[in-house]
Amino acid sequence: MEEGARSCLLRFRHRLEQDIKPSYLMDHMISDGVINVDEEERIRTQPTRKDQAVALLELLLRKDNRAYISFYNALVKETYDDLANLLYDDLPQISANAHKSSSDGWTPHVQMVLSEGGVPQRPVVFVSRPELLNRVRERLYRLQKEPGWVTVFGMAGSGKSVLAAEAVRHQGIIEECFPGGVHWLSIGQLDKPDLLVKIQSLCFRLEQSLDSQSLHRPPNSLDEAKERLRFLMLRRYPRSLLILDDIWDSTVLKVFDIQCRILLTTRNRSLTDSVSGAKYEVEVASGLDENKGLEILALYTKTNPQGLPEEARSIVRECKGSPLVVSLIGALLKEKPNRWRYYLCQLQQKQFKRIRKSSSYDYDALDQAMAASIEVLPDEHQELYKDLTVLEKDIKIPAKVLSILWDLEPEEVEDILEEFVNKSLLFVDSHNKPYLYYLHDLQLDFLVEQNRTQDLHTKVVRQYQQHYRDDPPTSGDEECLYWIRFLTYHMARANLSQELYSLMFSLDWVSIKAQIMGPAHLINDYVEYGPILDKENSEVRSQFQEFLSLNGHQLEQRPFPDVVQLALSQPPTSEVYRQALLQAQDRASKGKLYVDWLNKSSVESLSRLVIHPHQGSIYSACFSQDGAKIATCGASKTLKVFKSTSGEKLTEIQAHDDEVLCCAFSPDDRLLATCSSDRKVKVWNVERAMLLRVFAEEHEEQVNHCQFTNTRRQLLLATCSNDKFLNVKVWNLNRPSSQNTMFGHFEPVNHCCFSPDDTYVSTSSNDGTVKLFQVSSANEWKTINVSSMFTESDEEVLVKCSTWTADGKRIICAARNAVLVFDVETSDMLLEIRTSRLSMVQYCHACPTSNLLAIAFSNYAVELWDLEANKKMADCSGHLSWVQRVQFSPDGSQLLSCSDDQTVRLWETTKVHTSSVRDGMTGSVLFQSEEMSSRIRCTCMCRQPSVVALGQENGTVQVLEVPSGKLLATLLGHTKTVLHCQFSQNWVCNSFPSSICSGEGRVLKGHKEQVRCFSLLSHSPARLLSWSFDGTVKVWDVESGEKLQDIEAHRGAILSCHVSPDGCFFATTSADKTAKLWHCESWQCVHTLSGHQDCVRSCRFSWDSRRLATGDDNGEIRLWSVKEGALLKICSRDGKDGMDSLHGGWVTDLHFSSDNSLLVSTGGYIKWWDVEKGKALQTFYPTGSALKKIHVSCDFSTFVTIDNIGILYILQRVV
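Owing to the predicted nature of the structure, the values given are computational and were not obtained by experimental measurement.

Engineer: Can you explain the pairing of strand S42 (residues 957–961)? Please cite residues and give values.
Structural biologist: Taken residue by residue, a regular strand's side chains alternate between the two faces of the sheet. Where burial is concerned, most of S42 is hidden: four out of the five residues are buried. Strand direction decides the pairing type here: strand S41 (residues 947–952) and S42, joined by five bridges, are antiparallel. Of the residues in S42, the one forming a bridge with Gly 951 is Val 957. As consecutive antiparallel partners, S41 and S42 are separated by four residues, and within that stretch Gly 955 has a phi angle of approximately 95°, a positive value. Of the strand pairs in this sheet, S42 and strand S43 (residues 967–971) are connected by four bridges, and their pairing is antiparallel. Looking at the pairing, Val 957 lines up with Leu 971 of S43. What sits between the antiparallel neighbours S42 and S43 is a turn of five residues, in which Gly 965 has the positive phi angle 85°.

Engineer: An account of the sheet that holds strand S56 (residues 1117–1121) is requested, with residue identities and associated values reported.
Structural biologist: Across the sheet, four strands lie side by side as S54-S55-S56-S57; this open sheet has antiparallel pairing. Taken across any chain shown, the strands that pair with only one partner, and hence form the sheet edges, are strand S54 (1096–1101) and strand S57 (1127–1130). Neighbour-to-neighbour, the strand axes of the sheet open up by a mean angle of 20°, direction not taken into account. Alignment of S54 against strand S55 (residues 1107–1112), held across five bridges, turns out to be antiparallel. Across the sheet, residue Ser 1098 finds its bridge partner in S55, namely Gly 1111.

Engineer: Which residues make up the environment of Lys 600, and what values go with them?
Structural biologist: Positionally, Lys 600 belongs in the loop between strand S9 (595–597) and strand S10 (607–611). Take Lys 600: its relative accessible area is 9%, and that puts it in the buried class. Spatially, the C-alpha atom of Lys 600 lies 8.1 Å from that of Gln 570, the residues being 30 residues apart in sequence. Apart from the residues lying within four places of it in its own chain, the contact partners of Lys 600 are Leu 568, Ser 569, Gln 570, Pro 571, Pro 572 and Tyr 577.

Engineer: Give me the lowdown on helix H23 (residues 410–422), citing residues and values where you can.
Structural biologist: Here H23 contains 13 residues, and its C-alpha end-to-end distance of 18 Å stays within 8% of the 18 Å for a straight helix at 1.5 Å per residue. Within H23, the full set of buried residues consists of Val 413, Ile 416, Leu 417, Glu 419 and Phe 420. Viewed end-on, H23 has its buried residues packed into an arc of 150°, placing them on one side of the element. Among the exposed residues of H23, those oriented more than 90 degrees off its buried face are Glu 411 and Asp 415. Those residues of H23 that are buried lie in contact with helix H21 (379–386), helix H22 (399–406) and strand S8 (436–438). Just past H23, the residue Ser 424 takes up positive phi, approximately 60°.

Engineer: Any details on the environment of Ile 247? Residues and values, ideally.
Structural biologist: One can find Ile 247 in strand S3 (residues 241–247). For the pair Ile 247 and Thr 266, spaced 19 residues apart in sequence, the C-alpha to C-alpha distance is 5.1 Å. Excluding anything up to four places from it in sequence, Ile 247 contacts Ile 187, Val 252, Leu 253, Leu 264, Thr 265, Thr 266, Arg 267 and Leu 271.

Engineer: Describe the pairing of strand S2 (residues 182–188), and please don't skip the residues or the numbers.
Structural biologist: A large share of S2 lies buried, amounting to six of its seven residues. Pairing between S2 and S3: six bridges, direction parallel. Counted as the bridge partner of Trp 184 is Ile 243 from S3.

Thresholds, definitions, all that
Residues numbered from 1 in each chain as written. Predicted model: local features only at pLDDT ≥ 70, side-chain atom pairs only at ≥ 80, totals over all residues. Heavy atoms only, no water. Buried < 20%, exposed > 50% of the residue type's maximum accessible area, 1.4 Å probe, protein only. Helix = DSSP H or I, 4+ residues; strand = E, 2+ residues; numbered from the N terminus. Pairing = 2+ DSSP bridges. Axes fitted to C-alpha atoms, helices over the stretch in contact; angles between N-to-C directions. Contact = heavy atoms within 4.5 Å. Expected span 1.5 Å × (residues − 1). Arc of directions from axis to C-beta.

Keep in mind these values describe shape, not function.
Pasting the structure below:
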């Protein structure tokens, strides 16, 4: 290493050691070949990050100039710009030449940036087009100061992609405009699931370059992907360029409308009309000029352009300037340089001429070039090339898939594909290992018209079946991904209906595809191939689709859940359940643990009705005023109306030319208004499905929301849009133009709605405010600054929507992960509902007849909150993707929600869960109490006599006979809520804040704060142990009421306590993050168990009293030795899910099996564990969440619990 470089490293060594993360830098240095894997391993084994940094710098000082340059480039790539600047002046001379000056700006640094961003390499034969290139670069320089769009447009095969890649192959562009990197994404003609997969892989690529804390689960919907990409591009890669290659559809482009810098290639120059921001264009009108075409032929034939034969100019003219066609001919001439006249004649004669309508391109030239190129292939290779007809457009395929299709060795297939590539009949993506191969869409069009595709698709399926006759591939490599993704496509195209039924009606296939591809692709398959599947059995297709819809959010989790266990929660009549039970019984015989939900048939489905109205996301759904109809609209550009009782479709209208973003009924239900991304607002007659009015296009951007007035007094329609200024308008249906425009917002307005009396209209905007306008005058009355309520970060606050309470005195708005309630008169914030930081509030709606508020979330949930009590009342799970809209019916009895998962769900809001006693095996109700005057907070049962005790909020305990319900006793004495009650041999004990009361009326008083619970000591029944939020444990003589011991146990509140079965010890756990073991004779602390990182919520001794299990609020479970107080196991620390917790919430209860080999725990869900290994054996996901206690049978075969929305679960092990 040069002395200057060495001195620089030594000079700044301390600074580098303090800041760098070696693991990320070494990945780049290994790619550059300056350090090897053994050296990396020696550095990684150092105990701390700083030790690793010291070891890396010591290694560097022993290396050469290349290592210094590689280290510098790695710092630049990992955005250590300040550290890279320290090293820049001392870069060795070879770097100065390579890095600072180059004739075309293509330096090793640029090459590394483009390679890591997935930018395609130059084609083998490359012809520079400096005039076009400079025009593209000039437009890119305009993105240096602000985000925007550069569109490169032109006809098919005109070289747009090569031009885009070459434009960024320049050091000045990279360093001055896009130091954050360049990221290439090939789009093509994709449906939404495929587009989601593309963006998921881009997000993963971007997050991989950051620290491990940034890695999240993949986004599960396009909306979520858009938000994730927005965050990454604006916050983590603020000065980077995103290149979108081959865009066809404006709806695809909207996903990338995230205020970043974008270069796109397309055939349609008007695509960017649908997005916001600065826009620049470069037209590639006619492909290559004659001289450039000649240059390509000269490069292929290794001839000077002046030395080309006279036929060369005629060939270029016949190719109409297309680089693709010229390359095809050039590749042929490379091998047969004496055939100039022959290939010219083929092009001129147009032997394969076909009529193409409305084409901007002379396809005949391509056809002749393709036909000529195929003709020179050996006969057997011509047949193999025809097989490529089965590929989908824009799909890249590994050689191993074709190895199976052609029944050839992979090496032989690679040789054949190389021949196709060399003849420009095929393209190769060499960024991937293994290489991926693909056709230009013009080449694929040619093949499709030349060949019988059904026979070829049949061949694909038969070859797959022969190769994978036992099991499908599950490796997750490129070959496996292809088969899992496209096998159903090939079966459908081959018209192999029976094979398609067998595959898609199989729980095994669902499990494999969901694990490898995620549930979105599966859902799309059942929608796309629904007409074929319904011919066999529409009910079974519906059952599988419903299973995926209800469990999609679970199937996104990692580690991947057990699909058989999920399917055991399906109705007993479902084919999904039938297959799951058979598999569970088979696996249970081999030692696997499964539980069946015995009483599921007694639980009514919370979503009363599920409708699949559209193919594509549903953006809006609304009730009619009489509650009898539901209107829906979305990405499919249609408006549909259904009966709310049955889901029967009444009307379908092709409403707009682009996505329909909102629909609304008029107060008399005769009219429906719609608004769209096409900037139009329309009004329809519901009964006749007839268009009544199209308002003048006064909005210049997409119209986001529309709503009629609530009363019939004066019928008006409010709309809002993405316009910068004229973004809120009120329309009179008798006039073609707007009646009023509300001024005040200077950013897009997402939502507008009238106050209950129609005096005001509220608007919610990306400027972080809600504004209230007077309807009569259109004057601004009030502004509520919502963004001022979010002081924790400087990110922009987008207000999604607002809703009025029924009395019009409060207005509620949704922004980020919160719902805020404001007083309309004073603008004071009255209430705030905050959710998990991982979940965004999409929409909220206040019930017109009660204090309920419905909230829609990005994590697929719908929640009901009581605004008076500030309490969540219900969790409505079932949607597979982001919930876009919620709305109560006018009478408040029903709630509808619509989602990106293509479903609308109707929920009952009037269900009330009262106290009941159920038959243990069937779940049937034996006894149900009458509604009490005070809320029931705890219950306890006694077998002999058969009675139940009910503890209430007013401090009373009632003892009732079962099943008659006869009142046997009312126990008074408490003045506050009874939290726990328990029968003993002679009395009922119950607890409430600060005291305990026995059935005979004796009060044990002494705690200063709420008594958490109590336990009767088994070895001494007259003694009672109580524990409290005051951090103390007290021991009482129940007969005399005397306090025997007063133990200051913890600094924080005691959250649980358990006495060992042998009566020798008891354990306490606390909010101070510790658990303690105590001796029951000496009452002394034996061991303090430290290590939990959050409140320790629960504990349980094993039946042999040798182990103690503790669970905390982070979902972690620890197993301890009672004798030594030593930590034995941490249960599945690596099993963290996408939520904030390991267990979906606090660990609230724990139970050991009688042989102490198994442990069951409750939290957000129920988990079973192998005690010896600390590994999870099974997980049961309830409909609700926040499970408190679980009751376990003596033989550990039956488990009973209840969730936060009142659903009872009686689970039995499958045998």
